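Coordinates in review
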Amino acid sequence: MRTTDAVWLAPGEPQEIQSDLVSRFQQEYGRAASGTWFAPGRANLNGEHIDFHAGRCLPMALAHGTYVAAAPRTDGQLRLRTLDASLDDGVTTLTPEQIGPDAAADDAHWSHYVSGVLWALRELGTTQPAFAVDPDFGADLLVVSTLPIGGGLSSSAALECASILAFLALGTPFGQDNPLQDLNAALTRQNRKDLAAACVRAEVEVVGAGTGGLDQTAAMRARPGKVLSLDCRDFSVAPLDIGCIQRGYRLIAVDTGEAHRLADGQFGDRRADAEAAARLLGFDRLRDALPEHPRKADVSHVLEEFDRLAEQLETLEGRSIAACRRRLRHALTEMVRSEKLHHLLSGEAYGVRHIASTVGDILTAGHMSMRDDAEVSFDVADLVVETALAQGAEGARLIGGGFGGSVLVLISPAAIPKLTAALERISRGIRLLDVAPSAAAHAL
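Quick summary incoming for the structure in this document. Predicted model, so just to flag it, every value in this text is computed and none were measured.

1. Remarks on the pattern of salt bridges
- All chains considered together, the criterion is met by 31 salt bridges.
- Linking arginine 31 and aspartate 140 is a salt bridge whose minimum nitrogen-to-oxygen distance equals 2.9 Å. One end of the pair, arginine 31, is in the loop between helix 1 (14-29) and strand 2 (35-44); the other, aspartate 140, is in strand 7 (residues 138-145), with 109 residues separating them in the sequence.
- For arginine 31, a relative accessible area of 28% translates into the label partly exposed.
- Residue aspartate 140 is classed as buried on the basis of its relative accessible area, which comes to 0%.
- Between glutamate 123 and arginine 201 there is a salt bridge whose closest N-O contact spans 3.7 Å. Separated by 78 residues along the polypeptide, glutamate 123 in helix 3 (residues 111-125) and arginine 201 in helix 7 (residues 189-207) bring together distant segments of the chain.
- Ionic contacts of the salt-bridge type, sharing partners, join the residues Asp269, Arg270, Asp273, Arg319, Arg326, Arg327 and Glu375 into one network.

So this is what it looks like as structure tokens:
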């Protein structure tokens, strides 16, 4: 029986989206928006579940993302509404007392991603006066996104990063000293690094999701046409060109329609397993268990040491030793895959076909690790990967935190019609997005 056709999601025309959002803002709040801001979603070639272990990740920004129109208030309140039908429940009003970690502890409402970054920006302003937020500052915000919500493409980080730019522009000395049209040029690389870190703090301390900074860094520090090689030991980034792949292949994100959520406990549970393994090995950061240029043999040595240390234990900090070992193996092998990709994309001596084949193999190996060791995959994602490979894709893998979300596929343009036809046969709700490395968060 034929299912619903696969749908291609376009990023839309930014100026048209901005114009419509500004008009809707006027209708909703009875006054003009002071400006609009955009932050992109992200796809990740490799590096899932290792940013918080100080591993290397390879994200890229999408053309799809989140738009925020905003105007300041002087009563400390936040009034927020999203135009996404699945989340919209009218205007949400938050008083100053409802902004911060304690207020959001028992409430998973999407507005806490926004209120969290206002709180985090206030905290940042205590050490960086240019980012200091006036005590009475509040804002009206209207949000729209071209990302599939829950698609594992960092819609939450995009919302955080667009919102923090709005608050920066409207409520701090930095914004007063740099009019809206100058804001993009005024933001230094260090500014963007600091703002990304504030968004991470908001998601960890206010929302309660154990993010490690990959998504916010990609949204805030991306480069058009580049993959960011992000070393999470110090959050330094090296932009790498993937034109060699794009000349003969396309990267596609397949949204499975299964919603992905970081704050429901499963993501944190997987992280806790790996962190328990790291403590047994005597490391604060798992990346430090491997040498600077790690290989598979180094992973084997670490696993052997884990087995030796765990041999007499029945549990590890109350956790299954076998589960902790699997999480450890995923993290270590994912780190090796990331270093291999970094080396591959940094070089100039490879042909397009060789690079595409090697990247594809790494993608697929990453999916198997997410499925078998991290244990965060799910039936639809596994079926999408199998289908993509059967239809000639060079490689495919689940991206994001797992338990829902999207699959990244590397495929030749000629094979795409067969892929979409096959996807239409296996699942309802499949949506596809072109992945073309795009610009970082900015004012419009």
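2. Here we look at the packing of helix 3 against helix 7
- At a closest axis distance of 8 Å, the pairing of helix 3 and helix 7 adopts a crossing angle of 125 degrees. In terms of axis orientation, helix 3 runs oblique to helix 7. Relative to helix 7, the crossing made by helix 3 is right-handed. Judged by residue contacts, His112, Tyr113, Gly116, Val117, Trp119, Ala120, Leu121, Glu123 and Leu124 of helix 3 engage Asp194, Leu195, Ala198, Cys199, Arg201, Ala202, Glu203, Glu205, Val206 and Val207 from helix 7.
- Split into classes, the residues belonging to the contact of helix 3 with helix 7 amount to 12 nonpolar, two polar and five charged.

3. Structural notes on the environment of glutamate 424
- Along the chain, the position of glutamate 424 falls in helix 15 (residues 416-426).
- Through-space distance from the C-alpha of glutamate 424 to that of glycine 347 is 38 Å; in sequence the pair is 77 residues apart.

4. Overview of the side chain of aspartate 215
- If you trace the backbone, aspartate 215 turns up in helix 8 (residues 214-221).
- Not counting chain neighbours up to four residues away, the residues in contact with aspartate 215 comprise Arg42, Ser154 and Ala157.

5. So, the pairing of strand 2
- The element strand 2 is extensively covered by neighbouring structure, given that 10 of its 10 residues are classed as buried.
- Where strand 2 and strand 4 (residues 59-73) come together, nine bridges link them in antiparallel fashion. Pairing of glycine 35 across the sheet is with alanine 70, part of strand 4.
- In terms of strand pairing, strand 2 meets strand 14 (residues 442-443) through two bridges, oriented antiparallel. Its bridge partner being in strand 14, tryptophan 37 is matched across the sheet by alanine 443.

6. Focus on helix 10 (residues 266-281)
- Over its 16 residues, helix 10 extends 23 Å from the first C-alpha to the last, a length consistent with the 22 Å expected when each residue adds 1.5 Å.
- Among the residues of helix 10, those classed as buried are Phe267, Arg270, Ala272, Asp273, Ala274, Ala276, Ala277, Ala278 and Leu281.
- Taken together, the buried residues of helix 10 touch helix 11 (296-310) and helix 12 (321-346).
- Looking one or two places after helix 10, you find glycine 282, whose phi comes out positive at around 90 degrees.

Reading the values: rules and limits
- Residues numbered from 1 in each chain as written.
- Predicted model: local features only at pLDDT ≥ 70, side-chain atom pairs only at ≥ 80, totals over all residues.
- Heavy atoms only, no water.
- Salt bridge = Lys/Arg side-chain N within 4 Å of Asp/Glu carboxyl O.
- Helix = DSSP H or I, 4+ residues; strand = E, 2+ residues; numbered from the N terminus.
- Buried < 20%, exposed > 50% of the residue type's maximum accessible area, 1.4 Å probe, protein only.
- Axes fitted to C-alpha atoms, helices over the stretch in contact; angles between N-to-C directions.
- Parallel < 35°, antiparallel > 145°, perpendicular 65-115°, else oblique.
- Left-handed = near helix turned anticlockwise from the far one by under 90°.
- Contact = heavy atoms within 4.5 Å.
- Nonpolar A, V, L, I, M, F, W, Y, C, P; charged D, E, K, R; others polar.
- Pairing = 2+ DSSP bridges.
- Expected span 1.5 Å × (residues − 1).

Read these as geometric descriptors, not functional statements.
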